[in-house]
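Residue-level listing of the chains:
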Amino acid sequence: MKRIIFSIFIILSLLVFSVSAQTGAQAAFEKGMNSAQSGKYETALAEFQTSLAFAESDHTKNEFLAKIHFNIGVCLYQLKQNKQAVPEFEQAVKLNGGDYEKAFYALGMTQAELKNWQAAEQAFRGAIGLNRRSGEAWFDLAFVYLAQNDFDSARNAFQKSVQYKSVASPVSHNNLGVISAINGDLTSAVKEFEKALKESNGKFTVAERNLQFCKSLGQNLSGDLVAKLEFKK
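Reading guide: rules and limits
Residues numbered from 1 in each chain as written. Predicted model: local features only at pLDDT ≥ 70, side-chain atom pairs only at ≥ 80, totals over all residues. Heavy atoms only, no water. Phe/Tyr/Trp six-rings, centres within 6.5 Å; stacked < 30°, edge-to-face > 60°. Helix = DSSP H or I, 4+ residues; strand = E, 2+ residues; numbered from the N terminus. Buried < 20%, exposed > 50% of the residue type's maximum accessible area, 1.4 Å probe, protein only. pLDDT = per-residue confidence, 0-100. Contact = heavy atoms within 4.5 Å. Axes fitted to C-alpha atoms, helices over the stretch in contact; angles between N-to-C directions. Parallel < 35°, antiparallel > 145°, perpendicular 65-115°, else oblique. Left-handed = near helix turned anticlockwise from the far one by under 90°. Nonpolar A, V, L, I, M, F, W, Y, C, P; charged D, E, K, R; others polar. Salt bridge = Lys/Arg side-chain N within 4 Å of Asp/Glu carboxyl O. Core = buried A, V, L, I, M, F, W, Y, C linked by side-chain atoms within 4.5 Å. Expected span 1.5 Å × (residues − 1).

Turning next to the packing of aromatic side chains. For the structure on display, the rule yields eight aromatic pairs. Seen in terms of ring centroids, Phe 70 and Phe 89 are 5.8 Å apart; in terms of plane orientation they differ by 55°. Their pairing is tilted. On the criterion of sequence distance, the pair formed by Phe 70 in helix H4 (residues 62–78) and Phe 89 in helix H5 (residues 82–95) is long-range, its members being 19 residues apart. Judged on exposure class, the residue Phe 70 and its partner Phe 89 are both buried. Among the aromatic side chains, those forming a connected cluster through ring pairs are Phe 29, Phe 48 and Phe 64.

Next up, the structure:
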């Protein structure tokens with residue numbers, strides 16, 4: 001489920017923290033951001049950890065501590081240390097009083113990588129609770145449901161991702177098409193594959209294959225045939 005879009009989202013989340021004075025914690029934090037934005041995650045991780053040590057000794061406000069833990073989690077995620085990233089995102093959420101959409105989203109992505117589906121669902125739901133119009137959170141929540149073969153919940157989540165204009169809307173339409181076919185609704189499946197192709201300017205090869213396959217079936221849909229349709233992740 002890890003995709004380029006998530007990497008972009010995470011890097012853009014490393015926001016500059018305005019400072020009026022250069023304390024040790026703040027200086028190390030800014031160094032960490034610069035390193036992370038250059039893709040030097042190991043260096044950034046060490047710098048954020050230094051920032052945290054300074055901040056904890058200085059009894060820094062929780063808002064800043066939350067940002068430090070979030071960025072430590074980002075670095076660990078990028079370094080594929082997902083188990084270690086989980087408590088960092090959880091702490092970021094806790095320190096911000098539960099009001100940290102990006103940390104909830106990142107936690108959901110991390111738990112999904114670990115295949116902790118219930119925890120991933122809870123995290124994405126946390127992000128959606130703070131921003132119901134987050135097309136990306138709905139999109140990734142849909143894959144959590146797909147992993148558990150909960151097609152009804154996945155369909156609802158993909159529909160929400162389209163409604164709230166996820167950048168991956170063509171993928172949502174393709175996957176809605178597959179779900180429709182699984183449910184025996186070939187007409188709706190074809191319409192969804194056509195939407196996926198239209199929104200991708202005809203470049204979505206998976207949707208094209210699914211569309212042609214469905215058209216070749218007529219109304220002759222069976223479980224074995226549906227298994228040949230492709231979800232896109």
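Here the chain averages 88 in pLDDT, and 86% of its residues register 70 or above. Low pLDDT, under 50, characterises residues 1–9; the predicted model gives this stretch 23 contacts beyond four residues in sequence or across chains.

Here the focus is the packing of helix H9 (residues 151–163) against helix H10 (residues 169–182). For any two helices packed against each other, the geometry comes down to the angle between their axes and how far apart the axes lie. One can describe the packing of H9 onto H10 by two numbers: an axis separation of 9 Å at closest approach and a directional angle of 150°. As far as their axial angle goes, H10 and H9 are roughly antiparallel. Like other packed secondary-structure pairs, H9 and H10 cross with a definite hand, here left-handed. Where H9 approaches H10, its residues Phe 151, Ala 154, Arg 155, Phe 158, Gln 159, Ser 161 and Val 162 are matched on the opposing element by Ser 169, Ser 172, His 173, Asn 175, Leu 176, Ile 179 and Ile 182. Each residue belonging to the contact of H9 with H10 can be placed in one class, and the counts come to seven nonpolar, six polar and one charged.

A word on the pattern of salt bridges. Taken as a whole and assessed by the stated rule, the structure comprises one salt bridge. A salt bridge links Arg 155 to Asp 152; its shortest N-O distance comes to 3.3 Å. Linking Arg 155 with Asp 152, this pair stays in helix H9, spanning three residues, or about one helical turn.

Moving on, we come to the nonpolar core. Counting 72 residues, the largest nonpolar core has Phe 70 and Phe 158 as the members making the most contacts within it. Per-element accounting of this core gives the leading share, ten residues, to H4. For Phe 158, the contacting residues outside a window of four places in its chain are Phe 139, Ala 142, Phe 143, Leu 146, Ser 172, Asn 175, Leu 176 and Ile 179.

Compared with the 20 Å implied by 1.5 Å per residue over 14 residues, the 20 Å span of helix H2 (residues 24–37) between its first and last C-alpha is a close match. Residues Ala 25, Gln 26, Ala 28, Phe 29, Gly 32, Met 33, Ser 35 and Ala 36 constitute the buried set of H2. Along its buried surface, H2 packs onto helix H3 (41–57) and H4. Residue Gly 39 follows H2 closely and has a positive phi angle near 80°.

Let's shift gears to H5. Spanning 14 residues, H5 covers 20 Å between terminal C-alpha atoms, matching the ideal 20 Å at 1.5 Å per step. Those residues of H5 not exposed but buried are Asn 82, Ala 85, Val 86, Glu 88, Phe 89, Ala 92, Val 93 and Leu 95. Residues of H5 that are buried make contact with H4 and helix H6 (101–113). Immediately downstream of H5, the backbone of Gly 97 shows phi near 65°, a positive value.

On to the environment of Ile 182. Its location among the elements puts Ile 182 in helix H10. For the pair Ile 182 and Leu 229, spaced 47 residues apart in sequence, the C-alpha separation works out to 9.2 Å.

Below, the discussion takes up unusual backbone geometry. Although it is not a glycine, Lys 80 adopts a positive phi angle of roughly 65°. With respect to the element layout, Lys 80 can be found in the loop between H4 and H5. By relative accessible area, which is 60% here, Lys 80 ends up exposed. Here Lys 115, not a glycine, exhibits a phi torsion of approximately 60°, which is positive. On the secondary structure map, Lys 115 appears in the loop between H6 and helix H7 (117–130).

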